[in-house]
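# A closer look at the structure
If you want the building blocks of each chain, they are given just below.
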Amino acid sequence: MIELRNLSKRFVTADGPVDALNNVNLTVNDGDIYGIIGMSGAGKSTLVRCINMLERPTEGSVLLDGRDLGALSKKQMQDVRREVTMIFQSFNLLMQSTCLQNVMFPLKLIHTPRAEAEARARELLETVGLPDKANVYPAQLSGGQQQRVAIARALATKPRVLLCDEATSALDPKTTQSILELIRQINRDTGITVIVITHQMSVVQEICNRVAILENGAVVEEGDVSQVFSRPRAAATRALVFPEMASGEGPVSTGYGQLLRLIFEGSITIDKPLIASMAMDCGIAANILGASTRTVGKREYGYMLIEIPGGPDELARALKYIQNVPDVVVQVEAQYNGREADEA
Amino acid sequence: MSQFAKAFEPDKLQEAWHVFLTEFPQGLWETVYVTLLATLFAILLGLPLGILLVTGDEKGIRPLPKPLMKVVNVIINFLRSVPFLILMVMVIPLTRAIVGTSIGSVASIVPLVVAAFPFVARLVESSLRELDPNIIEMAQSMGSSTAQIIFRVMLPESVPSLVTNFTLAITTILGYTAMSGAMGGGGLGKIAINYGYSRYKYAVLYLAVIVLVLLVQVFQSVGTRLAARLDKRIKK
Ligand SMILES: Nc1ncnc2c1ncn2[C@@H]1O[C@H](COP(=O)(O)OP(=O)(O)OP(=O)(O)O)[C@@H](O)[C@H]1O
Ligand SMILES: [Mg+2]
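A brief report on the enclosed structure follows. Note that the coordinates shown come from a computational prediction; the quantities given were computed from them, not determined experimentally.

## Quick notes on the site of ligand 1
Residue and element names in this part refer to chain A.
- Near ligand 1 you find 13 residues, and of these Ser40, Gly41, Lys44, Ser45 and Thr46 are the closest.
- Measuring from an oxygen atom of ligand 1, one finds a backbone N or O atom of Gly43 at 2.9 Å.
- Separating an oxygen atom of ligand 1 from a side-chain N or O atom of Thr46 is a distance of 2.5 Å.
- Bound to the protein, ligand 1 loses 60% of the 630 Å² it would expose on its own.
- Those elements that provide at least two residues to the shell around ligand 1 are β1 (2–13), β2 (16–28) and α1 (44–51).
- For the shell around ligand 1, the leading source of residues is α1, giving three residues.

Laid out in structure tokens, this is it:
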């Protein structure tokens, strides 16, 4: 278990102090795939670097199974770093070493006998799906393959925690998918705790079970992914969950009627053509302004932003109709009501 | 001008050819071994110093006290700014202490090393600074000690760049040997000065220059090829 207690980090720069982290409190349980998401500059990298003490927190503590990492000697910290390993956005492979040598690198650091280290490295290359790349140099690999080698390397010392700092940000969506799938599989097979730092919503939705939203160095929301995403409370979370609405680039209201947000919390409703059946059953032709459906764990969920044309009457009927559909939550979008849209 | 033209008359050329056959092999050999030995010692001193400049830096992996780094930097800059000719004279006592004499090929190695090691230190520094800081961070995140970062990450990752820079060092030192040869050392520099400057035998001088230029070419192309061959970032 990893606990962050009142963690703060202040950088002193020429332009004055920068508070990268403000009193962060988090608990990551064993076996979690814990997402930490935030906009650029929110302090995500600083946070993850504090977890393995690459960055010393200015205040507060990091507890690994109750052990205060800040109190450890340099030598002890080096040992902890074999239990808490890391993968990076830029992969950070040794470019002058073969893939096999790269995976063996952490083992060489602890003077593992050569034969043993090599056997372990080959086994790991197998795990990440690159058994034939042992003697190839990283420059000859694609980004996704390089990240796989980096994952194999990070697993070499059998760590209990894997930190991923924007590990898929340099990859295309399809490769991202496969890397995330690999991480999930490793989490399942070994029970390793994973902390995923990202600015991409989709990454969290894809593999995380818990998530914390970081804004200006502070945690503004935290909880189960399905909870946080289906009912975002903090403005920062909404901006991340519904970027099209926050940016204003998304669908625009026609200005007539009331906007509703529908939140789907079960796999069946997604397949059910709710809007079509509402049109037939109540005669209300809702205007779909935006929709996004995703899979979280085994559960499908999603949201839809619709506009109910007409007045309070239609709105009441629509609300009643939707509220009767199981696993769907409906919210009246106050900030997108007709009056505001008229002004726009 | 007429004197210059006279230097290339058939009998002069014949004489030059004679010098080429009798004295150049020995001169070439002296130049090569002085260059190689001086480079070797310059690297032995300059490599650790260059590593220290990078790792001991304020933002390095093992920061050293600022005043110490300041002193090291000042000494390096001082040695680098003294003209080689003057440096040679300055280190005569040191040369005598080490070699026993300040004359001859072997003795000329001492001033060459003194002049070249700060240069090599700076070259090593620049090679190591080219390294992606993320790689160092990776090594730290895996629990590497300072020595492990230096010997398992910084140096191996910088090999192609170091080879390129050592090639630069060797060709520069080769240029210096010609100068030290003229000032009591041996090798092609001595031959060039003896015949060309002292006895107006320009044909010999030019022959010596040609051989030196060829030597630089050889060192340079070997170094360039070696660096390229060692660099695993180049897709093959
Ligand atoms: N070494 C440093 N010195 C000074 N300021 C820093 C340092 N590292 C980070 N910061 C500042 O701390 C804040 C948080 O930076 P951090 O890198 O943690 O953000 P991030 O969430 O990882 O952003 P991104 O998504 O762009 O990677 C930023 O304002 C940044 O400028
Ligand atoms: Mg970052």
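## Quick word on the pattern of salt bridges
- Evaluation of the coordinates by the stated rule reveals 22 salt bridges over all chains.
- For Arg120 of chain A, the salt bridge goes to Glu123 of chain A, with nearest N and O atoms at 3.3 Å. Linking Arg120 of chain A with Glu123 of chain A, this pair stays in helix α4 (residues 114–127), spanning three residues, or about one helical turn.
- Its relative accessible area of 16% is what places Arg120 of chain A among the buried residues.
- Of the residues examined, Glu123 of chain A reaches a relative accessible area of 47% and is grouped as partly exposed.
- Two residues, Lys201 of chain B and Glu15 of chain B, come together in a salt bridge whose shortest N-O distance is 2.6 Å. With Lys201 of chain B in the loop between α9 (187–197) and α10 (202–230) and Glu15 of chain B in helix α2 (residues 10–55), this residue pair connects regions lying 186 residues apart in the sequence.
- The exposure class of Lys201 of chain B is buried, given its relative accessible area of 18%.
- Judged by its relative accessible area of 29%, Glu15 of chain B falls in the partly exposed class.
- One continuous salt-bridge network, built from bridges that share partners, spans Glu181, Arg184, Arg188 and Glu206 of chain A.

## Here we look at the environment of Val128 of chain A
Residues and elements named next belong to chain A.
- Tracing the sequence through the fold places Val128 in the loop between α4 and α5 (143–155).
- Owing to a relative accessible area of 0%, Val128 belongs among the buried residues under this scheme.
- Placed 21 residues apart in sequence, Val128 and Val149 show a C-alpha to C-alpha distance of 7.2 Å.

## With respect to the nonpolar core
- Of all hydrophobic cores here, the largest spans 81 residues; its most connected members are Leu4, Leu47 and Ile195 of chain A together with Met154 of chain B.
- The dominant element in this core, judged by the number of residues it contributes, is helix α6 (residues 105–129) of chain B, at 14 residues.
- Excluding residues that lie within four positions of it along the chain, Leu47 of chain A makes contacts with Leu4, Leu7, Leu21, Val24, Leu26, Ile36 and Leu214 of chain A.
- Counting 50 residues, the second largest nonpolar core, distinct from the first, contains Ile33, Leu130, Leu180 and Val196 of chain A.

## Topic: empty space enclosed by the protein
All names here are of chain A.
- Overall, the coordinates contain four cavities of 30 Å³ or more when judged by the stated rule.
- One number sums up the size of the largest cavity: a volume of about 60 Å³.
- If you list the elements that add at least two residues to the lining of the largest cavity, you get α6 (173–190) and β8 (193–198).
- The element contributing the most residues to the lining of the largest cavity is β8, with three residues.
- Per-class residue counts for the lining of the largest cavity are seven nonpolar, three polar and one charged.

Reading guide: rules and limits
Residues numbered from 1 in each chain as written. Chains lettered and ligands numbered in written order. Predicted model: local features only at pLDDT ≥ 70, side-chain atom pairs only at ≥ 80, totals over all residues. Heavy atoms only, no water. Near = heavy atom within 4 Å. Polar contact = N/O pair within 3.5 Å; in protein donor to acceptor, adjacent residues only side chain to side chain. Areas by Shrake-Rupley, 256 points an atom, 1.4 Å probe, with all protein chains shown as cover. Helix = DSSP H or I, 4+ residues; strand = E, 2+ residues; numbered from the N terminus. Salt bridge = Lys/Arg side-chain N within 4 Å of Asp/Glu carboxyl O. Buried < 20%, exposed > 50% of the residue type's maximum accessible area, 1.4 Å probe, protein only. Core = buried A, V, L, I, M, F, W, Y, C linked by side-chain atoms within 4.5 Å. Contact = heavy atoms within 4.5 Å. 1 Å grid on protein atoms, 1.4 Å probe; cavity = no way out; pocket = protein on both sides within 12 Å on 5 of 7 lines; lining within 4 Å. Points joined across faces, edges and corners; volume = space filled by probe spheres on them. Nonpolar A, V, L, I, M, F, W, Y, C, P; charged D, E, K, R; others polar.

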